[in-house]
Structures are given as structure tokens and as C-alpha cells.
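Per-entry structural report
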Amino acid sequence: MSIRFRLLLSFTSVVVVSVILFVLAAYLLSIAVTGDVRSFNSFYNIHYSLNPLSEEEENLFLDLKYIAKNDPGQLKDQTLLQEFDTRLKMVQAGLIVREDNSVIYSAASLNGLDLSTILPAYEMGNNSIRNTMNKGTRFFSYAKFDFYFSPETGERGSIYVFHERSPFAQVVRQMLPLLIGLFAAILLLTGWLLYRYVTRKIIQPLDRLRQSAELIKDGDLTFQLQSSSRDEVGQLVQTFDQMRQKLYDSIQLQLRYEDNRKQLLSNISHDLRTPITTIKGYAEGIRDGVTNTPEKLDRYVAAIHTRASDMERLVQELLYYSKLDLNKEPYSFIRLELSPFLHRIADELAIEFENNAVEVTWEEELGGPLFVLADAEKLKRVVMNLLDNSLKYMNQPPKRLNITIQRTDKQAVVIVADNGPGLEESSLSQIFERFYREEPSRSQAIVSGSGLGLAIAKQIIEGHGGSIWAESKPGSGLSVYFTLKLYEDRR
Ligand SMILES: Nc1ncnc2c1ncn2[C@@H]1O[C@H](COP(=O)(O)OP(=O)(O)OP(=O)(O)O)[C@@H](O)[C@H]1O
Ligand SMILES: [Mg+2]
């Protein structure tokens, strides 16, 4: 049985039970009040029959009854009747006196309304003296007394003290079945609206969740589930969507890894195949006796040695990179004063700078020693790779290299800027990917390299919790920026 059906069932039963209980309660109440099992139909009549008049009206009625019993002749005295009527009028009541079949006094408050036709027949036993009557839309409760004006002639008379009731009571009396029907309809409508509300708030989101789960089962994770409500179901929908997003992200990541792996393999095989082919060619040359002079042999052997060394370097770099990638290369962070550290590295390359006619300048405005938290050996590798690149790619004099050290709130920034060929905007983010080499450097055999230098630098800097990026305008050189966390003295 679906939840939707269960809900419908429970709402319907609530409505039905309420209607039954309501009718039963009304029935029992009428019995309790009137003591009459059949009283339900004439509940209002009975109510007013029991208490038609207020206490004051009742007193006036009793006075009139007393006169009717002891000196009925007086009840033909219009002045006396008028006096009683006036007093009754003050409490919204009125008096009617009947003699045989004609009304001899009719209350002023009736404004000429003739009630003679609806007055009940004589009942000299006066067993039922309180009741209700209505003429058109007007509704009255009354107390009456039948008596003889003169027992000898048998001339009969009645006094009626009546009180006009609100037409509402009459309306209610007439419309009771309709009202009960209306209540039941309101109950039904409320039940229906509640059912709709609950369905919209619970069943529909659950339906959407089920459909989404099916989509996920079929491998579709691109949809989005949204819920504006903050209730439990809304939270469930939101959590479900977060789960979908996580799953989607992790699958995307997996695909990227897979892609990377494929590219890595193809790059490695390409970069290894080239030197191997060359080595093979030189070796074949030697075997086939092409190297007929000792000088030629020396050249061939030297070439083989260079290519083999290139390969060795490539394999070593690759090994190092994958160790960093797998977090297998532990970092040993120490407190390092940045400026002298960088100067020492540049000094190591002084001869190369000189040979290549590179002018090195420094910009440091530190206002005191600047300490960073770094792994000296790895950081040296980063700087070496950057300087090596500048040396490699600057191709026209004057060759200038500028190293800037800056201090910000929480970090140190190092900028290595050269005035070489620079790079297109679109290449700037790619140069940090492994094996990425700009086309000219890839094709020109003169500039050797594996495309791992900046990828390794990026791994190391990120391992330090810093970031690395490049800025350039073609023709005006390349600037590589990297940041390092400052060493915070905790003493
Ligand atoms: N200073 C620079 N000026 C111009 N281009 C550069 C500069 N530094 C790097 N590049 C470009 O970025 C590419 C990637 O550099 P990266 O250092 O990662 O590899 P590589 O120098 O080619 O090889 P490796 O450093 O592994 O020997 C280079 O091939 C080159 O095209
Ligand atoms: Mg390099």
C-alpha cells in the first residue's frame, strides 16, 4: 500500500469519524438537555419551550395569570393591559389577550402583525403552557394561560406573554441539516487540503528522490535537485543532492586521473623513444664500421653518452615527480632565512650566468631578516629549475635576470623574472603541467628538457602550502612568482 493511499485513507477516516461523532454528540446533547429521545428534531423549540421567558417577564406573566384566575373580567380593561404591555415592552416582550376566537389585545411591539391565526387552540387544562411559534420569518417563544372569562357562559380567554427571538435561532432551526452538511463539507475540504499539503511536502519530494536515485543508478549525475523547504524532507533532499555532487566530482576526478595517466604514458614513451632511436642509430653506425676514424668513433660514443645521460635524467626526474605526486617524498621543514639562501643558489650558477652573459639583479625590501618554513633541498630544486629555465630560454642579448623578494602579512613572495621570449597568455597555466613544453622548445633540439621542471616546482611549492604562477607578455620575458609561509616564532 503506497504512502499516498495510506494518507488518503487516514484523512478520509478522520473526516468520517468526525462527522459521526459530531452528529452523535449533537444527538446526545439534545437528549441530555431535553430528556426526550425525539427531541433532536425540535431542539430549539424545546429549548425555548422550557425557558421561553426571562425572570422579569415570568413575574409579569404570573401577575397576569393571577388576575386571570381571580378576576378575569379585569383582562378586558385595555388600560390595564396597556400598562402590562408597556412594562413587558421594556424587556423586549409583549402581551396578547384572546377572547374566544378574536384577539382583544395585541402588543404594541407587533406593529399590527396579526398572530391570531397561529395562536394554538384552547387547552383549558393548561398542560403545555410554554412553546414557540413563528409567522413568516419571525420567531416567538411564549408562555400562555387559558381561562374562562365567565364559567357560566363558557366564554374562554387566553393570555400570551411572548418574546420575539432572533431570526437567527429560527434560521438555525430550519437550516440545521444544511449546516451539518456544510460542517461536514468544511471538514472534508480541510481534510483534502491537508492531504494535498502533506502530499506536496512529503510524497512529491520523495518521488523526486526516487527518480533521482534511478538516474544515478543509470549513471546520470548531471541533474540537480533543489528544495526550498527547511524541514526534514527538505534537508534530506539537500543532503541527497550534496551526495550526488560529491559522487559527480569524484567520478570527474577519476576520469581526469585516468586521462592524465594515459597522457603520462604516451609522453614517457615518446620522450624515451626519441633518445633510444638515436642511440640505436649511433650504435648501428659503429657496428657497420661508419666510424672508421678514431675522432668519428669518439663523436659517436660521446653522442651515445649524452643521450643516455638525458634518458637517465628524464627517468630520475620522473621518479622524483611521481614520488612527490604520491606523497612519498617526505618534507623536512626548517627555519630558513630566505635572502641568503637564494643568493647562495645564484652564486652556484655564477659561472653559467657569466658564460651566457646574463646580468643578475636583486630587489629586496625586507626591513630585516625574512624567515620562511621550508625544506631547503626541495626549495633549492625549485629555484634551480626556474633559473635553469631562464638560462635556457633567454636567447637574445642583453640577457637580464631579476630576482625579487617581498614580504606580505603571512607570506614571502619570490619573483624570478627574465627578459627572454616570454609566453602567450594561454600557455601560462599549462607550463606547470608535467611534460608540457611550448612547441618551439619541444621541436628545437637545441633546448633540451623533459617538461617536468615546472611541474616539480609546483608540486614542491604546494607541498609547502604556497602557490606558484607565471606572468608574461610575449617578447618581454617571463616572471614566475611563488609564495612561502613565513616562519612564525612561537616563543
Ligand atoms: N623562462 C622561460 N621563458 C620562456 N618559456 C619558458 C620559461 N620557462 C619555461 N618555459 C616554457 O615552459 C615549458 C615548461 O617548462 P619546464 O621547466 O617545466 O620544462 P622544460 O624546461 O622544458 O624541461 P625540464 O625543466 O624538465 O628540463 C618549457 O618547455 C618552455 O616552453
Ligand atoms: Mg625547465
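Everything discussed here concerns the structure shown above.
This text gives an overview of the structure that appears in the document. (Residues numbered from 1 in each chain as written. Chains lettered and ligands numbered in written order. Predicted model: local features only at pLDDT ≥ 70, side-chain atom pairs only at ≥ 80, totals over all residues. Heavy atoms only, no water.)

Each helix and strand counted, the protein has 12 helices and 12 strands in total. By the compact-globule yardstick of 23 Å for 491 residues, the protein is too spread out, its C-alpha radius of gyration being 55 Å. Taken over the C-alpha atoms alone, the protein extends approximately 175 × 60 × 45 Å along its principal axes. The buried share among the 491 residues of the protein stands at 37%. (Helix = DSSP H or I, 4+ residues; strand = E, 2+ residues; numbered from the N terminus. Rg over C-alpha atoms; globule rule 2.2 N^0.38 Å. Buried < 20%, exposed > 50% of the residue type's maximum accessible area, 1.4 Å probe, protein only.)

This next bit is on the site of ligand 1. Taken together, 19 residues lie near ligand 1, and Tyr393, Asp418, Arg437, Ser450 and Leu454 sit nearest. Residue Arg313 places a side-chain N or O atom 3.1 Å away from an oxygen atom belonging to ligand 1. Take Gly451: an N or O atom from its main chain is 2.9 Å from an oxygen atom of ligand 1. Starting from 590 Å² of accessible surface for ligand 1 in isolation, the protein chains cover 97%. Counting residues per element, the ones that place at least two in the shell around ligand 1 are α10 (376-393) and α12 (453-463). Ranked by the residues each element gives to the shell around ligand 1, the list is headed by α10, at four residues. By residue class, the composition of the shell around ligand 1 is seven nonpolar, seven polar and five charged. (Near = heavy atom within 4 Å. Polar contact = N/O pair within 3.5 Å; in protein donor to acceptor, adjacent residues only side chain to side chain. Areas by Shrake-Rupley, 256 points an atom, 1.4 Å probe, with all protein chains shown as cover. Nonpolar A, V, L, I, M, F, W, Y, C, P; charged D, E, K, R; others polar.)

Here the focus is the layout of surface pockets. One number sums up the size of the second largest pocket: a volume of about 710 Å³. Along the walls of the second largest pocket sit 22 residues, with Asn260, Tyr321, Asp325, Arg434 and Gln459 positioned nearest its centre. Looking at the lining of the second largest pocket, the elements with two or more residues in it are α6 (232-287), α7 (294-325) and α12. Among the elements that take part in the lining of the second largest pocket, α6 stands out by supplying seven residues, more than any other. A class-by-class count of the residues in the lining of the second largest pocket yields 10 nonpolar, six polar and six charged. Counting contributing residues per domain, the lining of the second largest pocket is built from domain 2 (232-324) and domain 3 (331-485), each supplying no fewer than three. (1 Å grid on protein atoms, 1.4 Å probe; cavity = no way out; pocket = protein on both sides within 12 Å on 5 of 7 lines; lining within 4 Å. Points joined across faces, edges and corners; volume = space filled by probe spheres on them. Domains from an automatic or database assignment.)

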